[in-house]
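Structural description and commentary
If you want the building blocks of each chain, they are given just below.
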Amino acid sequence: MKKKVRIILNVMAVILFVLIVGLAAAFYIIAGKGGYYALFTSKDRTDIMEAFRYTDDNGTVLPYRLYRPAESGENYPLVLFLHGSGEKGSDNEKQVQVNSVTDTLLNEKNRKEYPCYVAAPQCPEGEKWSVKLEEPGSFSENTEEPLLDAVMGLVTELESEYPIDPDQIYIVGISMGGHAVWNLLSRENDTFAAAVSVCGCGDPMQAEKVKDIPLWLFHGAKDSTVPVHYSRDMAEALKKVGAENIRYTEYPGEKHQSWELAYRKKDLFPWLFAQRKK
């Protein structure tokens, strides 16, 4: 009797193992390697990022999280992180919980090697950081962008309150935040020392305005949310206008969550923090 019970238990264990492997394989096919990282390794950075709210002169309110370096000393870089559409809200938490971008940027090693301020505002529910490119030229200088105006107001306020190096202000964004990176660069091309856009959507007609800013673009070749041609088109347009410090990394098998791979790339942060505004 005991032998039969052991056999049944062993069979059940094998079936359970096969099911788990099957589900894992199916998830990989659906989400890619980036999806695995997002599911299993994303960490909550509300433990080291304080919660604040910024209100501009027009009454636009931006919840944001701020990391301040522990060391005291001279001016430090500022990294502005713009999240994707999945982290919208008013809780002032999701933007540093749902993905692992802030965790990779602020892991223990990077905090020691690259002390900096990190600001992560949260886009309100039902809003967008900026307009999304529908056709070349749709990013107009005259477009009203109240949230991006507020983001720039926040940057100005942080510069006035903390010892931030004005020659080392960086902007990084993913998906919807990647769209906003391109729009902000075309509007504020004298503010940022470098930018990282992951699965973002820019306007090739604005390439001339941003060609002197060091840029690193990332995209998954199988991204069905933001098709890869957006980053390919921007990379090509920047090369045509003579951009010298531009990198483009495309992940052949990846889908939308390519930021989970991009921000784990070993040379990303050494490259980013080596950039200074000309």
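Structural data are supplied above this passage.
What counts, and at which threshold
Residues numbered from 1 in each chain as written. Predicted model: local features only at pLDDT ≥ 70, side-chain atom pairs only at ≥ 80, totals over all residues. Heavy atoms only, no water. Helix = DSSP H or I, 4+ residues; strand = E, 2+ residues; numbered from the N terminus. Buried < 20%, exposed > 50% of the residue type's maximum accessible area, 1.4 Å probe, protein only. Contact = heavy atoms within 4.5 Å. Areas by Shrake-Rupley, 256 points an atom, 1.4 Å probe, with all protein chains shown as cover. Pairing = 2+ DSSP bridges. Right-handed = clockwise from strand over helix to strand, strands pointing away. Core = buried A, V, L, I, M, F, W, Y, C linked by side-chain atoms within 4.5 Å. Salt bridge = Lys/Arg side-chain N within 4 Å of Asp/Glu carboxyl O. Phe/Tyr/Trp six-rings, centres within 6.5 Å; stacked < 30°, edge-to-face > 60°. Lys NZ or Arg CZ within 6 Å of the ring centre and 35° of its normal. Lys, Arg positive; Asp, Glu negative; His and termini not counted. Polar contact = N/O pair within 3.5 Å; in protein donor to acceptor, adjacent residues only side chain to side chain. Axes fitted to C-alpha atoms, helices over the stretch in contact; angles between N-to-C directions. Parallel < 35°, antiparallel > 145°, perpendicular 65-115°, else oblique. Left-handed = near helix turned anticlockwise from the far one by under 90°.

A short note on the overall build of the chain
When helices and strands are tallied, the chain shows nine helices and eight strands. When each of the 278 residues of the chain is scored for burial, the buried share is 49%. Pairs at least 24 residues apart make up 72% of the contacts formed inside the chain by residues separated by at least 6 positions. Carbon and sulfur atoms make up 54% of the accessible area of the chain, which amounts to about 13,600 Å² in all.

Focus on the pairing of strand E6 (residues 194–198)
Judged by how many residues are buried, E6 sits mostly within the fold: five of five residues are covered. Alternating residues of E6 divide into Ala194, Val196 and Val198 and Ala195 and Ser197, and every residue in both groups is buried. In this sheet, E6 lies alongside strand E5 (residues 164–174) in parallel orientation, the contact comprising five bridges. Across the sheet, Val172 pairs through a bridge with Val196, a residue of E6. For the segment spanning E5, helix H5 (residues 176–187) and E6, crossover handedness is right-handed. Looking at chain direction, E6 and strand E7 (residues 215–220) are connected through four bridges and run parallel. Residue pairing for E7: Ser197 is matched across the bridge by Leu217.

Topic: the nonpolar core
Counting residues in hydrophobic clusters, the biggest one holds 43 residues, and the most contacted among them are Trp129, Leu158, Ile171, Leu185 and Leu215. Ranked by size, the runner-up nonpolar core spans 32 residues in total, among them Val96, Val101, Tyr114 and Trp259.

Describing the pattern of salt bridges
This structure, assessed with the given rule, holds 12 salt bridges. Of the charged contacts, one joins Arg45 and Asp103 as a salt bridge, the two residues approaching to 3.6 Å between their closest N and O atoms. One end of the pair, Arg45, is in the loop between helix H1 (2–40) and strand E1 (50–55); the other, Asp103, is in helix H2 (residues 101–105), with 58 residues separating them in the sequence. Relative accessible area serves as the criterion here: at 11%, Arg45 is assigned to the buried category. Judged by its relative accessible area of 10%, Asp103 is buried. Through salt bridges with shared partners, a single network forms among Arg45, Asp47 and Asp103.

What to know about the packing of aromatic side chains
Across all of its chains, the model carries nine aromatic pairs by this definition. In this structure an aromatic cluster arises from ring pairing among Trp216, Phe218, Tyr251 and Trp271. Here Arg247 stacks its cationic end above the ring of Trp216, 4.8 Å away from the centre of that ring.

Notes on the side chain of Asp203
Here Asp203 shows up in the loop between E6 and helix H6 (207–210). Notably, Asp203 is buried but unbridged: the nearest opposite-charge side chain belongs to Lys209, and the N-O separation is 8.4 Å. In this structure the side chain of Asp203 is engaged in a polar contact, spanning 2.9 Å, whose partner is the backbone nitrogen of Met205.

Points about the sheet that holds E7
An order of E1-E2-E4-E3-E5-E6-E7-E8 is seen for the eight strands of this open sheet, with the pairing classed as mixed. With partners counted over all chains shown, the strands left at the sheet margins are E1 and strand E8 (246–251), one partner each. Neighbouring strand axes in the sheet, compared pairwise and without regard to direction, differ in orientation by 20° on average. As defined by bridge partners, E7 adjoins E8 across six bridges and the pair is classed as parallel. Bridging from a neighbouring strand, Leu215 pairs with Ile246 of E8. Sheet strands in contact with helix H4 (residues 146–161) are E1, strand E2 (61–67), strand E3 (76–82), strand E4 (117–121) and E5, and its direction is about 40° off that of E2. Against the sheet, H5 touches E3, E5, E6 and E7, its axis set at about 140° to E5.

Concerning the packing of H4 against H5
Where H4 meets H5, the axes come as close as 11 Å, and the angle between the chain directions of the two elements is 70°. Of the possible angle classes, the one that applies to H4 and H5 is roughly perpendicular. Between H4 and H5 the crossing geometry is right-handed. Where H4 abuts H5, its residues Leu148, Asp149, Val151 and Met152 lie against Ala180, Asn183, Leu184 and Arg187.

Digging into the pairing of E3
On a regular strand, one side chain projects to one face of the sheet and the next to the other, so that they alternate. In terms of residue burial, E3 counts as a mostly covered element, since seven of its seven residues are buried. Of the pairings in the sheet, the one linking E3 to E5 comprises six bridges and is parallel in character. From the neighbouring strand, Leu82 faces E5, where its bridge partner is Gly173. Here E3 runs beside E4; their pairing, made up of three bridges, is parallel. Of the residues in E4, the one forming a bridge with Val79 is Val118.

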